[in-house]
Amino acid sequence: MKSKLNTVRLDAWDLRILAELQADGRISKSELAKRVHLSASACSERLRILETTGIIEGYCARLSPFLTGGVIFVMVEVVLDRHRLEDQRHFETAIQGISGILDCWAIGGRVDYLMRVAAPSMAAYQEFMEGLLQVGLGIDQYYSLVVTKSVKSNSPIPLSALRQR
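One structure accompanies this document, and this report is about it.

So, how was this worked out
- Residues numbered from 1 in each chain as written.
- Predicted model: local features only at pLDDT ≥ 70, side-chain atom pairs only at ≥ 80, totals over all residues.
- Heavy atoms only, no water.
- 1 Å grid on protein atoms, 1.4 Å probe; cavity = no way out; pocket = protein on both sides within 12 Å on 5 of 7 lines; lining within 4 Å.
- Points joined across faces, edges and corners; volume = space filled by probe spheres on them.
- Helix = DSSP H or I, 4+ residues; strand = E, 2+ residues; numbered from the N terminus.
- Nonpolar A, V, L, I, M, F, W, Y, C, P; charged D, E, K, R; others polar.
- Expected span 1.5 Å × (residues − 1).
- Buried < 20%, exposed > 50% of the residue type's maximum accessible area, 1.4 Å probe, protein only.
- Arc of directions from axis to C-beta.

### Some thoughts on the layout of surface pockets
Gaps left between atoms are located by rolling a probe of water-molecule size over the structure's atoms.
Phase 1: By volume, the second largest pocket is sized at about 210 Å³.
Phase 2: Surrounding the second largest pocket, Glu92, Ile95, Gln96, Ile98, Ile101, Leu102, Asp103, Cys104, Trp105, Ala106 and Tyr113 form its lining.
Phase 3: For the lining of the second largest pocket, the secondary-structure elements that each account for two or more residues are α5 (85-95) and β2 (101-106).
Phase 4: Top element by residues in the lining of the second largest pocket is β2. It accounts for six residues.
Phase 5: Among the residues forming the lining of the second largest pocket, the class breakdown is eight nonpolar, one polar and two charged.

Quick look at the structure:
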């Protein structure tokens, strides 16, 4: 993926397209073209390139956890028991298929990974984590940080960060 991103040069048109899509992923192609001041065919071609190179990974709907029956979120710091490359790869591959894990980042510092986990209750979360410990992912320790309130989330990537490539 990195090699693809390094070969793509984003220009002002691409950045406008990305800004519009981050604001409204359901926008029609014709409306997108109007908003960025391109012809429909030129805009569609740029969009195709942004998708095929992986800059645009996909489109999704954000659900309100408060209106869908209440969900708790827990940030989980994970420390692996061994730090060999094969152990990290095993952990990273295994968690891809676990639906309760919404996000997972490899991080530096005192812990190896930071995960965002969703569960219907604290009891369900604890059962979920006990299950993770039993399946042999190599977790030595984990620390739970319960999210009590969302202050800011799902922010678009700042386009100024993209220009620095």
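### Focus on helix α6 (residues 122-134)
Phase 1: Between the first and last C-alpha of α6 there are 18 Å, a value that for 13 residues agrees with the 18 Å anticipated at 1.5 Å per step.
Phase 2: Looking at α6, one finds that the buried residues are Tyr125, Met129 and Leu132. All buried residues of α6 fall inside an arc of 55° around its axis, so they share one side. Among the exposed residues of α6, those oriented more than 90 degrees off its buried face are Ala123, Glu127 and Gln134.
Phase 3: Downstream of α6 by a residue or two, Gly136 has a phi angle that is positive, lying close to 75°.

### Digging into the environment of Ile55
Phase 1: Within the secondary structure, Ile55 sits in the loop between α4 (40-52) and β1 (72-80).
Phase 2: Taking relative accessible area as the criterion, Ile55 reaches 22% and is therefore assigned partly exposed.
Phase 3: Placed 15 residues apart in sequence, Ile55 and Ala40 show a C-alpha to C-alpha distance of 20 Å.

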